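Observations on the three-dimensional arrangement
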Amino acid sequence: MSIQENVQIVKEFFAAMGGGDRQGLLALSAEDIEWIIPGEDWPLAGTHRGHAGLAALLQKASDTVETSFPKPPEFVAQGDRVLVVGFARGRVKATNKTFEDDWVFAITVRNGKLAKIREYVDTQALARASEMDVSPRPSPSSSMASLIKFEKN
């Protein structure tokens, strides 16, 4: 397939993702698709394989985050690789914390289908937004009081 055809397939994938068209996403994906999202302490992190893994990832994303893309992404391609560069704003539903994320998707297209996706995202921003507030942090004055008390003993 040509570079332009590969870019078009990736654009269609992103359009289907933005429209919540799961069947369209599966139709544009190879049976053995692999989607890698790096990071820890982020609900979507991990390696997701096959149509079942893709469907589970999309459901988990729908359940855990709200995301908007304030401007269209940029598509850069060479051979069977398409890089998609973008920016997102979002909210983690469980914590109600927001995040901003500059991201790149490195996508490999094989025989007209997405075969591999590797996300490069701001894992720290997403992990921070996913953190549950367990207990209130001590105020600076109470921390200083503890320090002073400790020094007097």
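In what follows, the structure referred to is the one given above.
This one's a predicted model, so the numbers in the text were calculated from it and none came from an experiment. Within every chain, residues take consecutive numbers counted from 1 along the sequence as written. This being a predicted model, a pLDDT of at least 70 is required before a residue's local features are given, and a value of 80 or more before pairs of side-chain atoms are given or counted; all residues contribute to the totals for chains, interfaces and linings. Each side-chain value is derived from all of the structure's non-hydrogen atoms; neither hydrogens nor water enter the calculation.

A word on the overall build of the protein. Elements are defined by DSSP. Helices are runs of H or I of four residues or more, strands are runs of E of two residues or more, and each kind is numbered from the N terminus. Helix and strand counts for the protein come out as five helices and seven strands. If you list the helices and strands of the protein from N to C, you get α-α-β-β-α-β-β-β-β-β-α-α. Contact between two residues is taken to exist if any of their heavy atoms lie within 4.5 Å; hydrogens are not considered. Put simply, 48% of the contacts in the protein that link residues at least 6 apart link residues at least 24 apart. Residue-level accessible areas treat just the shown protein chains as cover; the underlying method is Shrake-Rupley with a 1.4 Å probe. Looking at the protein as shown, the accessible area adds up to about 9,400 Å², and 52% of this sits on carbon and sulfur atoms.

It is worth spelling out the packing of aromatic side chains at this point. Any two rings among Phe, Tyr and Trp, with Trp reduced to its six-membered ring, count as a pair given centres within 6.5 Å; such a pair is stacked if its planes are under 30 degrees apart, edge-to-face if over 60, and tilted if neither. Considering all chains together, one arrives at eight aromatic pairs under this definition. Arranged with centres 6.2 Å apart and planes meeting at 90°, the rings of F14 and F75 form a pair that is edge-to-face. Taken together, the positions of F14 in helix α1 (residues 3-18) and F75 in strand β4 (residues 74-78) put the pair 61 residues apart, joining distant regions of the chain. The buried label applies to any residue whose accessible area, calculated with a 1.4 Å probe on protein chains only, is under 20% of its type's maximum; exposed applies above 50%, and partly exposed to all values in between. Overall, F14 belongs to the buried group, its relative accessible area being 16%. Taking 5.3 Å as the distance between ring centres and 55° as the angle between the ring planes, the aromatic pair formed by F14 and F105 counts as tilted. With F14 in helix α1 and F105 in strand β6 (residues 97-110), this residue pair connects regions lying 91 residues apart in the sequence.

This brings us to the environment of E40. Examined against the element boundaries, E40 turns out to sit in the loop between β1 (29-37) and β2 (46-49). Taking the C-alpha atoms as reference points, E40 and A127, 87 residues apart in sequence, are found 7.1 Å from one another. Those residues in contact with E40, other than ones at most four positions away along the chain, are A45 and A127.

This part is about helix α4 (residues 123-130). For α4, the full list of buried residues reads A125, L126, A127, A129 and S130. Buried residues in α4 make contact with β5 (81-92) and β6.

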